[in-house]
Amino acid sequence: MLRIISKLRVPAQRSLMMLCEKSNVIRSLASDVRYHDRRSFCHSLPSFQKKMISVTFVNREGNSMLVKAKVGDTFLDAAINNDVDLEGFGACEGTLSCSTCHIIFKKEDFDKLPEKPSDEEMDMLDLAYGLCDTSRLGCQITLTESMDGIVVTVPAQVADARDR
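What you are looking at is a predicted structure, and each value in this text was computed from that prediction instead of being measured.

> What am I meant to see in the overall build of the chain here?
Within the chain, the regular secondary structure consists of six helices and five strands. In sequence order, the chain lays out its α and β elements as α-α-α-β-β-α-β-α-α-β-β. The long-range fraction of contacts in the chain, counting pairs at least 24 apart against all pairs at least 6 apart in sequence, stands at 64%. Split by element, the accessible area of the chain, about 9,700 Å² in all, is 50% carbon and sulfur.

Okay, here's the thing in structure tokens:
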């Protein structure tokens, strides 16, 4: 059960934690989940041992916000885990059903991204505000060590594809 929970995205883990804390029946499971990061049930590094990198978000007003993010997280996770105030950002919690985590890369950074966008991501990007050649969805890009120091820009407006 803990292996399944550990594969959930951070917002889903938080929701499960809140549910577990409200239920007397599964309090022990909540305890196991809460301390899961201190144990190693898989071959990958526990989250407290993962390398941290720097990511800079340039918000809609042009202000830069430098955050520390774990390698293996997504840009959306980095924004949420660091309480980056980007209104509407990540409304679907990374389920690829909106376009609110739309971010724009510099051309040289975009060309270095390890994976090309999937067809589903491209469909969501078609509905995003301010789409450009270096646009991607932050929930679909996993941070790597080579991205340390990367700067991404959040478009001036948000278009939530779920509202269409």
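> Quick question: what am I supposed to make of the pairing of strand E3 (residues 102–105) here?
Residues in a regular strand point their side chains to alternate faces of the sheet. Of the two faces of E3, the one lined by His-102 and Ile-104 and the one lined by Ile-103 and Phe-105 are each fully buried. Both E3 and strand E5 (residues 150–153) contribute to a ladder of two bridges, which runs antiparallel. In the strand pairing of E5, Phe-105 is matched with Val-152.

> Explain the side chain of Asp-109 here, please?
Locating Asp-109 in the fold gives a position in helix H5 (residues 107–112). No salt bridge is formed by the buried Asp-109, whose closest oppositely charged neighbour, Lys-112, lies at an N-O distance of 4.7 Å. Contacts of Asp-109, omitting those with residues within four sequence positions, involve Ile-150 and Val-151.

> For this particular structure, what's the right way to read the packing of aromatic side chains?
The relation between two aromatic rings is expressed through the spacing of the ring centres and the mutual angle of the planes. All chains considered together, the criterion is met by two aromatic pairs. Ring geometry for Phe-57 versus Phe-89: centroids 6.4 Å apart, planes at 80°, classification edge-to-face. With a gap of 32 residues between them, Phe-57 in strand E1 (residues 52–58) and Phe-89 in the loop between helix H4 (75–81) and E3 connect regions that are remote in the sequence. For the ring pair Phe-75 and Phe-105, a centre distance of 5.5 Å and an interplane angle of 80° mean the geometry is edge-to-face. Here Phe-75, found in helix H4, pairs with Phe-105, found in strand E3; they are 30 residues apart in sequence, far enough to count as distant.

> Got a minute to help me understand the pattern of salt bridges in this structure?
It is possible for side chains of opposite charge to pair when their charged atoms get near one another. A full pass over the atoms with the stated rule returns two salt bridges. Residue Lys-107 is joined to Asp-111 by a salt bridge in which the shortest nitrogen-to-oxygen separation is 3.2 Å. Linking Lys-107 with Asp-111, this pair stays in helix H5, spanning four residues, or about one helical turn. Given a relative accessible area of 45%, Asp-111 falls into the partly exposed group. Residue Arg-136 pairs with Glu-121 through a salt bridge whose shortest N-O separation is 2.8 Å. Of this pair, Arg-136 sits in strand E4 (residues 135–137) while Glu-121 is found in helix H6 (residues 119–125), placing the two residues 15 residues apart along the sequence. For Glu-121, a relative accessible area of 1% translates into the label buried.

> When you look at the sheet that holds strand E2 (residues 64–70) in this model, what are you seeing that I'm missing?
Within a sheet, adjacent strands bond to each other through the backbone by hydrogen bonds, running parallel or antiparallel. In space, the five strands of this open sheet follow the order E2-E1-E5-E3-E4, with mixed pairing throughout. This sheet does not close on itself; its edge strands, each paired only once, are E2 and E4. On average, each strand axis in the sheet is tilted by 40° relative to the strand beside it, whichever way the strands run. Sheet analysis places E3 next to E4, joined by three bridges and oriented antiparallel. Each bridged residue has a counterpart across the sheet, and for Ile-104 the counterpart in E4 is Ser-135.

Here is what the cut-offs are and how they apply
Residues numbered from 1 in each chain as written. Predicted model: local features only at pLDDT ≥ 70, side-chain atom pairs only at ≥ 80, totals over all residues. Heavy atoms only, no water. Helix = DSSP H or I, 4+ residues; strand = E, 2+ residues; numbered from the N terminus. Contact = heavy atoms within 4.5 Å. Areas by Shrake-Rupley, 256 points an atom, 1.4 Å probe, with all protein chains shown as cover. Buried < 20%, exposed > 50% of the residue type's maximum accessible area, 1.4 Å probe, protein only. Pairing = 2+ DSSP bridges. Lys, Arg positive; Asp, Glu negative; His and termini not counted. Salt bridge = Lys/Arg side-chain N within 4 Å of Asp/Glu carboxyl O. Phe/Tyr/Trp six-rings, centres within 6.5 Å; stacked < 30°, edge-to-face > 60°. Axes fitted to C-alpha atoms, helices over the stretch in contact; angles between N-to-C directions.

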